[in-house]
Each structure stands twice: as structure tokens, then as C-alpha cells.
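# Structure at a glance
Listed below, chain by chain, are the residues.
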Amino acid sequence: MLRHFPMNALRSTAFAVFLVAAACSSQDDTPCPLAADTRVARGWKLYRNDRIDDATEVFEEALRRCPAHLGATVGAGYGYLRGNRLVEARRQFERALQHAPQTVDALQGIGLVASRRGNGREARRLFTQVLALAPDHAEAREQLDRLGTPPVRAPLEVPNTLVLASRTCGDRFEVAARGRWRPFYIKGVNLGAALPGRFPSQFPDSLTYAGWIAEIAEMGANTIRVYTIHPPHFYEALAEHNRTHTDRPLWLVHGVWAELPPDHDFDDPAWNEQFSDEMQYVVDLIHGRADIAPRPGHTSGFYTADVSRWTLAYILGREWEPFAVDTFNLNHPNRSSWHGAYLAIEGGTAMDVWLTQISERIIAYESETYRHQRPVAYTSWPTLDPLTHPTETTVAEELAIRKSLGGDTTYVPQEYDNDLVAIDPNLMRATEAFRAGVFASYHAYPYYPDFIVVGGGYARYLRRLKQHHRDMPVVIAEYGVPASLGLAHLSDTGWHHGGHTEAEKARIDAESTALIHEVGMAGGMLFAWIDEWFKKNWVVIDLELPRDRARFWLSRLNAEQQYGVIAIEPVPRLDGSTLADRLPRWQTVPGLYGEALRALADETYLHLCFDPGGRGLPDTLLVGLDVVDRKAGTTRWPGKADVRLPIGVEFAIVATPNEVRVLADPNANPFQIERVPVLKEPVTVPPVTSPPPGMFVGPYLQHYNLPLRTKRRDDTRYDSLRVIINRRRFARDRTEYAAVGYDRSVLPAGAAPDGFWEVDSASGIMEIRIPWTLINVVDPSSLQVLSSTADTADGFVPRQIESIGMVAAARFADGSWQQWPVGRAPVAQFRWEPWDEPRWRARRRPVFDAMQRVFSRLDERVAGR
């Protein structure tokens, strides 16, 4: 870690050198005024006190007075370094070395910049040079120890002729095999690797990778896609697998990740330089020649496994936001063409040109460093596709239509403009120097944007996409559906964004895989290999707080967390595949009200177990939950005004032999749904196959219920937990589409993972599993629940609790009524232990076998072409 100030600055003699800087002169060759030296001294004082911005300003002022002042130059470099302005920092240190090549702190500064950017080789060289000049330089020694000892590699032997392991041919891929080219259809899977409790930059161990690679091959996939750089042992495990499976190796499609540039300026020099660094690391590591220094948020290490012979292609970048692309295009309206050594483009936009240029960068680096090439694409998605979608208005267009129809224009959709701007891979052309070829890569799901749902469906969309790119390979680099309880968007085909059983997910993923082949794509890569708990989804993002703790628990309402072929789920607290098996274990759990009610908590559910005490399953079971404040909430059961509760409850579980629902005090419901006037008759209802429970349609808007203030109530009114997931919208021809929502209150019956409640017929005992999000628990791992401040602009905030108060009641077949607590007994408080290390297990979902079957059939079809 960079200390508060450079080590040499501690030495008065060296510091004096900084100040006088060998009779530094100003631009007119007159001696620098003493004020510049004084400013440098003041700058270092501020720097030592961690006032980095102030120190940087002072160094900059000194440089304006004396541009060649060595101390100011080095000081500004360290100020920029501490501010993570790495390109500017390096320039300052290089300027200092031009005047004084043996300035130790400038060498150390460039070494720190190199290390921060991941360039381990250059950093090691510079720190070694520092130690040669200053053998007692403790920080340089510390940095070298941190970088580790580099491996001994054989000298790089560049082949005499260009090497291609793969290439595009027409609208398909080909791979080199035994001296000839053979067609290759991508049957892939996307590999994210964040295990529970981990951030995406925290990767698993080598045994985990080796196991996953073996299972992916067993499933019948022939390709693994990664979005970013993984640790060295991933590539070592892949190489080891492929060396022992030469007849059916697993190919690699490697991504190069980038965040949005500052101010949406894709020309930003510092951002581009870092993106170029990342591309070079990817190329170097697949050839087994990367030394990547530790960097925050990234992996690092010595990469020695050469997997270049099995690397099929590169896919650059991410799903760029349309507002960023549009801003960049508007700022560069005259940029439409560009010609490089390997790629060229005509008739594009500024973004098309930039995407061609970054593709050229990675091609040029690999061609000129290793004399290897492989096909290249950049990431795109329907929001940026080159097609026109008449049903999809931009926000501005929709507001104009609503205004023309006399409607309200104060409500502004919080959604991307999904048909505002386009990028077109068709425009990017390979020159004769690039023999591997280009292709198009899309993330395309069957449920979003709405122009897929109301514009003819997923199959039609894929065919249109392929028709546009008829002469080049098109890869659907992400597709699939999640096995979550929660839904985030509805599809016309029933292939929704969530709400699927595991058997439904298996069927839909397999049918999607076959469809992608049938419409003529060059392959597809299923999303995803494992569930990842850190992922966010728009429906629940503000109900999972603090956001950096989402990785500690699994939200069954969050569709993004449950795409995996491999389910990542909590370790069961009670063993047994059936309720009858678990009942003996439930007897060991302390009762809240004797034998009647017990509770358990895990990383996904609040588990309840109700024992009727031999009286048989009641006609109605009610469990009230005081989640926030016992002085707030309602004091009556739903529909039963004649019984007063000893506390106020925010949620009520209503269970009958045929149904279980979670209902909310209206003041605790996070969402408010408002009916608005119809503007254009007749209102068109989006087509929805396999409607979810409690689906409703109409001219509705949805808002957050802010401020979220539970208060004392004494009535029987409760809300169903309804949510709108396909918003009300207008097409460009002014067709009004109804909003579509569903009722999250209803819990499906049956055993886990698809069911949420079970009854043991012999005893009448009922077990209920309640997803935390349904009862406003925003982080079960730290006992935090949903709250808000008086200022609605703050949105929802988390609030710590000690426990959840529970009351219960049951009406039995003979008409008798029983309530807990009895009489003046205290209300039971359920408290569970927080955790920072989630307990989890991995399990194959049925989709594994379904994909194995469809991949096998695709092998037969491809072979029979």
C-alpha cells in the first residue's frame, strides 16, 4: 500500500534536492521564485496529513510558476496517484526522470502506477531499479515481496507464419483439427464464479474450477465463456482437462470487461489506456505469459498455462447503456468511418467506429506480439441492436404521445430507451491482414425488452436478427430463464424472467438452445453455470440493503440470482427430503409457544412449523409477524375484527389446507399501485402465455410507498403483495399497452426447491418457508429490515432489529378458535444468529440433464449438415 508520502522525502538531503531541483528555471529561463519552493514544501505537508486534493492543487500551482521544478513534478505525480489518476501520474513521473533519470521517488512512483494497473513485470523491474539506487528503500522491498517471485519461462518463440486456431467462414465458425478446418457450432455456458459471501472479484480454488470444467464437459458443452480475467489456476485446470481430452476439448471464449467511461466519453485517454491494458493482459495470459500485479477488484498472479490453442474467440466490453452510446454519438456527429491495418468501417456512428478501433487493438497486439489471431466481436444486446421496433417508444416519444392524448406527463419511466440508438456489427469489416474474421455477439433473452414480447415473440426476433447479419456468424452469448419464485418480466411465450419451477427452467432452456440453432445462429452460450447471490434485479434492488451484503443471502424474489445449471443454496438446517423425515429434527428446535409454533432462519427463508397438537390441520392458520415495531402495525387478523392482538403486526401468514398467502399491513407494503385514466381505447393487453398467480392487467402505475411509516391500526385491512413487472407503455402508433402485474403473496405448495409449504397428513403438522423479501427483511445475515426516513428522496434504508415478534391463531374444523400467546403470556420473540460466512451447498438442477440431451442432438444435427 502507498504510504502517506514517498520514502525518500523523509531524508532531508533528498528533500532539499526536490526543493531546489538543480537550479530549476521557469519557462523564460529566469530562476524560479522562492514561492515555488515554498509551495512544494507546503504541498508535502498537506500530503503527509492526507489532504491529497489540497496537496495536488498546491503542487500544480508550483508547476505553473516553475514548470520544470522537480519536487513539484514528483509531488503532483503522487497526488495524481493517490487520486487514482494513473495516466497523469505516470506522465509526471516520466517528466521528472527526463530531467533526473535516477530520481528514486519518480522510479518508485512509476512502479506503483504499473502495479496499480496490473503490470507486474514492469513494476518488478522498476522496484528492482529503485533498490539498486537505494538499497534500504523499505517500500520498494515491500512491493517486490508483494509481487512475488516470477516464474522462469522459456524465451518467447514467435512462429514464422500466422497461427489460427479458429476462424469464421461465412456465417459459421471453423476450428483447426489435424491439419484441416472443421465446422464448429458453439454449445456454450457462461461461467461466473462468485460463490456465496464473495464479491465477483473473489474467485474459487483450483479444485472447484477443475470440478466445474469436468461437469461442463459432462453436460456436453464444448465452450466456456468468461467475462473477465480469472485467476491462473482456472487456465491451468482448463489446460489440464484439454490435454487429457484431446478428442473433445473445451474451447474458451474470453471477454474483456470495462466499466462506463467518465462522462460517457469513450475517447477518454486514461480510460482507454486502462481498457487497452486489460486487453493485453487477456492476450498475454492465454499464451501463458502474463504477470498481473494485485489490483483492487481484480484477480492477479503469474499465468503460465498456454491455452491459446483452445481459445476460440474474444468478446469485448459489456452491455453498454444506450444513454452513454447516444451521448458519445451526439458529441461526435461527423465520425463515421475508420481504416486500420486489420479492420475497417464505413457508414457507422462514432460508437461503431470506437468499437471497431478497440477490436483492432486486441487483434494488433496479438498479431504483432505472438503472430496469432482468432475471431473478435464486441458485446451487444437488443437495446442496441440495428433493428427498428415500432412498438418501442423512447421516453421522450412516450411523454409526447401522452401529452397529445391529454394524459399526465409528470410520470417519467425509469427505463432505458430501448430503441433509441444502435450499434451494428455488420459494418465492421476485416482487411486481408485479419484472417480470423469478425462475428456478432448478442445477449438476447425471451422476455425483455417489451418489443420482443409485443413484437412477435422471441423466435421472430432471433430470425430478424439473423436476417440482418446473414453473411456473418451470430452468437447468442447469453440466453436462458431463472428458477426464481419472483418474476421481473413476463413473456408472450411463457418464458418469463423468473417464476419457473426447476423442471420448467430445464424445458425452456433446452427449447431455447434448439431454437437458437434452428434460426441459423453460429451458437449459443447459456446463462449461467452457477447461481450468484450478489446479483441485482430492478424489482428488488431497493429491497436488498445494504447492497454490499446481498452476497450473504439468497433472495428467492430476485430472478437474477437463480439462473444456474448448478443451484447454490443454503445447507438445510434440518435433514430430510420430506416433512415426515424432518419432523424428528423439528422436535429439537425450541418452541416459541410450546409445541405449537417453532421457527428457524437460514440464508433464504424464515421457516415456520405449526403443530396442531393432534387436533388435525386447522381450517385456517394465522401467523402474525411484528417485523419493525410492536407499537405499530395492525392489531386485528385479516377479516376477523372480533379478536385483538397483543401487538401490532406488519405481516400475516394466512394458511388453509389449499393455500398459503403472505399479506401486509398497507403501511408496510413497499409498493403502491395506482389506476390511471385510459388515454387510447381500446387498451391492448400484452400477450402472456402461462400467466403467473394473481396476474392483473390495466392502466396502472407503480410507486414506492414512501415514506414507509408503519403506524398503529385497528382494522382488518391487509394488502396482497402485488407488483407491476411489465409497465404500461405506448407504441409509436400511439397504441396503449396495459400494465401487467402479479400477486407475490401466493406461496406455491410442495417440497423445496419449487414448493414453499408442506403438510404431514398423519399429524396435520404444517411447515412454511417464507422468502425474506416478502416480509421486508432486507438482510437476514445482519437482522436488518426495510425502513425509510422522513425525506422520501432518501428512498428505503435498512434498520437493525433484535428479533421478530410472532403471534398465531388457528380455527379448527369444530369451529373452535385458539390463539397464541394465551391470556397475558408474553409475545414470543424469534431471534436468529447473524452471519458473515453463509453455509451453502451446490446441487445440479434438472436443466443439466436437459442440456445434456439437447447438446447431444445438436451434435447429430451439426454432423449431418
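Predicted model, so just to flag it, every value in this text is computed and none were measured.

Procedures and definitions
Residues numbered from 1 in each chain as written. Predicted model: local features only at pLDDT ≥ 70, side-chain atom pairs only at ≥ 80, totals over all residues. Heavy atoms only, no water. Helix = DSSP H or I, 4+ residues; strand = E, 2+ residues; numbered from the N terminus. Expected span 1.5 Å × (residues − 1). Buried < 20%, exposed > 50% of the residue type's maximum accessible area, 1.4 Å probe, protein only. Pairing = 2+ DSSP bridges. Axes fitted to C-alpha atoms, helices over the stretch in contact; angles between N-to-C directions. Contact = heavy atoms within 4.5 Å. Polar contact = N/O pair within 3.5 Å; in protein donor to acceptor, adjacent residues only side chain to side chain. Parallel < 35°, antiparallel > 145°, perpendicular 65-115°, else oblique. Left-handed = near helix turned anticlockwise from the far one by under 90°. Salt bridge = Lys/Arg side-chain N within 4 Å of Asp/Glu carboxyl O.

### Observations concerning helix α4 (residues 70–82)
Here α4 spans 19 Å end to end across 13 residues, near enough to the 18 Å set by a 1.5 Å rise per residue. Most of α4 is tucked away: twelve of the 13 residues are buried. When we look at burial in α4, the residues that qualify are L70, G71, A72, T73, V74, G75, A76, G77, Y78, G79, Y80 and L81. N84 occupies a position one or two residues after α4 and carries a positive phi of about 60 degrees.

### Points about the sheet that holds strand β34 (residues 722–726)
With respect to topology, three strands assemble into an open sheet ordered β30-β37-β34, the strand pairing being antiparallel. Each edge of the sheet is formed by a strand with only one pairing partner; in this case those strands are β30 (696–698) and β34. The mean inter-strand angle of the sheet, taken between neighbouring strand axes irrespective of direction, is 30 degrees. Inspection of the sheet shows β34 paired to strand β37 (residues 739–743) by four bridges, in the antiparallel sense.

### Notes on the environment of Y593
With respect to the element layout, Y593 can be found in the loop between α18 (579–586) and β22 (597–601). The spatial distance from the C-alpha of Y593 to the C-alpha of I770 is 19 Å, given a sequence separation of 177 residues. Filtering out sequence-adjacent residues up to four positions away, Y593 remains in contact with M806, V807, W820, P821, P826, V827 and A828. A polar side-chain atom of Y593 sits 2.5 Å from the main-chain carbonyl oxygen of M806.

### Structural notes on the sheet that holds strand β42 (residues 796–800)
A sheet is described by the order of its strands in space; here three strands give the open sequence β40-β41-β42, paired in antiparallel fashion. Strands at the two margins of the open sheet, each flanked by one partner only, are β40 (777–779) and β42. Adjacent strand axes in the sheet meet at a mean angle of 55 degrees when their direction is disregarded. Both β40 and strand β41 (residues 784–788) contribute to a ladder of two bridges, which runs antiparallel. Across the sheet, residue V777 finds its bridge partner in β41, namely V785.

### Looking at the packing of helix α6 (residues 104–116) against helix α8 (residues 138–147)
Here α6 crosses α8 at 25 degrees, and the two axes come no closer than 11 Å. It follows from the interaxial angle that α6 and α8 lie roughly parallel. Between α6 and α8 lies a crossing whose hand is left-handed. The segment α6 lies against α8, with Q108, L112 and S115 engaging E139, A140, Q143, R146 and L147.

### A closer look at the environment of L786
Tracing the chain through its elements places L786 in strand β41. Here L786 falls in the buried class, since its relative accessible area comes to 3%. Sequence separation between L786 and V797 is eleven residues, and the spatial gap between their C-alpha atoms is 6.2 Å. Once residues lying within four places of it in the same chain are set aside, the contact partners of L786 are D542, L543, L545, V628, P670, L708, N776, V778, F796 and V797.

### Things to note about the pattern of salt bridges
The full count for this structure, using the stated rule, is 61 salt bridges. The salt bridge partner of R243 is E240, with a shortest N-O separation of 3.2 Å. Of this pair, R243 and E240 both sit in helix α10 (residues 232–243), separated by three residues, roughly a single helical turn. A salt bridge links E321 to R318; its shortest N-O distance comes to 2.4 Å. R318 sits in the buried class, given a relative accessible area of 11%.

### A closer look at the side chain of E122
Relative to the helices and strands, E122 is located in helix α7 (residues 120–133). In this structure E122 comes out as buried when scored by relative accessible area, which is 15%. With sequence-adjacent residues up to four places away left out, E122 is seen in contact with R90, I110 and A114.

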